[in-house]
Amino acid sequence: MRIFNISLIMNKLFDNIKNKVSDFVKMDFAVMELEGMEFHAFHGCLESERTNGNLFVVDFQGELDIRKASVSDALEDTADYGKIYDAIAEEMARPSNLLENLAVRIADRLHDDFPEFASLRVRVSKQNPPVSGKVQWSRIIVER
């Protein structure tokens, strides 16, 4: 029969927790943004929107740990703006009836493709939406 030293087990457990908390505290979080990405795209419920298209603007914000990249100065140690833009552009090229569907698709794609982001925010704006009055933009904001 084995006799465990409870004190030794507890000390190891607390040391493990302390190390994990210490690693978290060392993180250097920052917000990365790509703002004002313009796309002529064909989203909407009306036939005219699907045929003629419209101007859409996408804004992206993502929170990530930049500690390693700030020291190494190497692109592979952070999220690549170009790859983020390309992922958004691919989603913008696939027509959706609703901005809700489009914004969620973009947010989900970025969440899946860029796990380095602790959180992210996508804002999709549609210029001059087809309503009975004057409206500059309609927008949807999705956060993950």
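Structure first, text after, so check above.
Residues numbered from 1 in each chain as written. Predicted model: local features only at pLDDT ≥ 70, side-chain atom pairs only at ≥ 80, totals over all residues. Heavy atoms only, no water.

1. Concerning the overall build of the chain
Helix and strand counts for the chain stand at five helices and four strands. Sequence-ordered secondary structure for the chain, helices as α and strands as β, is α-β-α-β-α-α-α-β-β. Taken against the 2.2 N^0.38 rule, which gives 15 Å for 144 residues, the C-alpha radius of gyration of the chain at 22 Å runs more than 25% over that of a compact globule. Counting only contacts in the chain whose residues sit at least 6 apart along the sequence, the fraction spanning at least 24 positions is 60%. Counting 18 positive and 24 negative side-chain charges, the chain places the averaged centre of each group 6 Å from the other. (Helix = DSSP H or I, 4+ residues; strand = E, 2+ residues; numbered from the N terminus. Rg over C-alpha atoms; globule rule 2.2 N^0.38 Å. Contact = heavy atoms within 4.5 Å. Lys, Arg positive; Asp, Glu negative; His and termini not counted. Charge placed at Lys NZ, Arg CZ, Asp CG, Glu CD.)

2. Examining the packing of aromatic side chains
This structure, assessed with the given rule, holds three aromatic pairs. Geometrically, the ring pair formed by F39 and Y85 is stacked, given 5.6 Å between the ring centres and 20° between the ring planes. Here F39 is found in strand β1 (residues 29-41), whereas its partner Y85 is found in helix α4 (residues 81-92), with 46 residues between them in sequence. For F39, a relative accessible area of 9% gives the class buried. Centre to centre, the rings of F114 and F117 are 6.4 Å apart; their planes meet at 65°, and the pair counts as edge-to-face. Assessed through its relative accessible area of 8%, F114 is described here as buried. The exposure class of F117 is buried, given its relative accessible area of 7%. (Phe/Tyr/Trp six-rings, centres within 6.5 Å; stacked < 30°, edge-to-face > 60°. Buried < 20%, exposed > 50% of the residue type's maximum accessible area, 1.4 Å probe, protein only.)

3. Thoughts on the side chain of H43
Structurally, H43 is set in the loop between β1 and α2 (47-52). On the basis of relative accessibility, which here comes to 2%, the residue H43 falls in the buried class. Of note is the side chain of H43, whose polar atom sits 3.0 Å from the backbone oxygen of M92. Here S96 takes part through its backbone nitrogen, which lies 3.0 Å from a polar atom of the side chain of H43. H43 has contacts with E49, F56, E91, M92, R94, P95, S96, L102, R105 and K126, leaving out every residue within four places of it along the chain. (Polar contact = N/O pair within 3.5 Å; in protein donor to acceptor, adjacent residues only side chain to side chain.)

4. Let's talk about the pattern of salt bridges
This structure, assessed with the given rule, holds eleven salt bridges. Among the salt bridges present, the one from D77 reaches K68, with a minimum N-O distance of 3.7 Å. When its relative accessible area of 58% is taken as the criterion, K68 is described as exposed. In this structure, the salt-bridge partner of R109 is E91, at a minimum N-O distance of 3.1 Å. Of this pair, R109 sits in helix α5 (residues 99-113) while E91 sits in helix α4, and the two are 18 residues apart along the sequence. Put simply, E90, E91, R94, R105, R109 and D113 are held in one network by salt bridges that share partners. (Salt bridge = Lys/Arg side-chain N within 4 Å of Asp/Glu carboxyl O.)

5. Things to note about the nonpolar core
By size, the foremost hydrophobic cluster in this structure holds 26 residues, and its most contacted members are F60, I84, I88, M92, L110, V122 and V124. Top element by residues in this core is α5. It accounts for six residues. Once residues within four sequence positions are removed from consideration, I88 is found in contact with M37, F39, V58, F60, I106 and L110. (Core = buried A, V, L, I, M, F, W, Y, C linked by side-chain atoms within 4.5 Å.)

6. Brief notes about α4
Helix length check: α4 (twelve residues) gives 16 Å between terminal C-alpha atoms against 16 Å at 1.5 Å per residue, within 8%. All of the buried residues along α4 are I84, A87, I88, E91 and M92. Buried positions in α4, seen along its axis, are confined to an arc of 140° and lie on one side of it. Lining the buried residues of α4 we find β1, β2 (54-65), α5 and β3 (117-127). Between a side-chain oxygen at the N-terminus of α4 and the backbone nitrogen of G82 the separation is 2.8 Å; the capping residue is D80. (Expected span 1.5 Å × (residues − 1). Arc of directions from axis to C-beta.)

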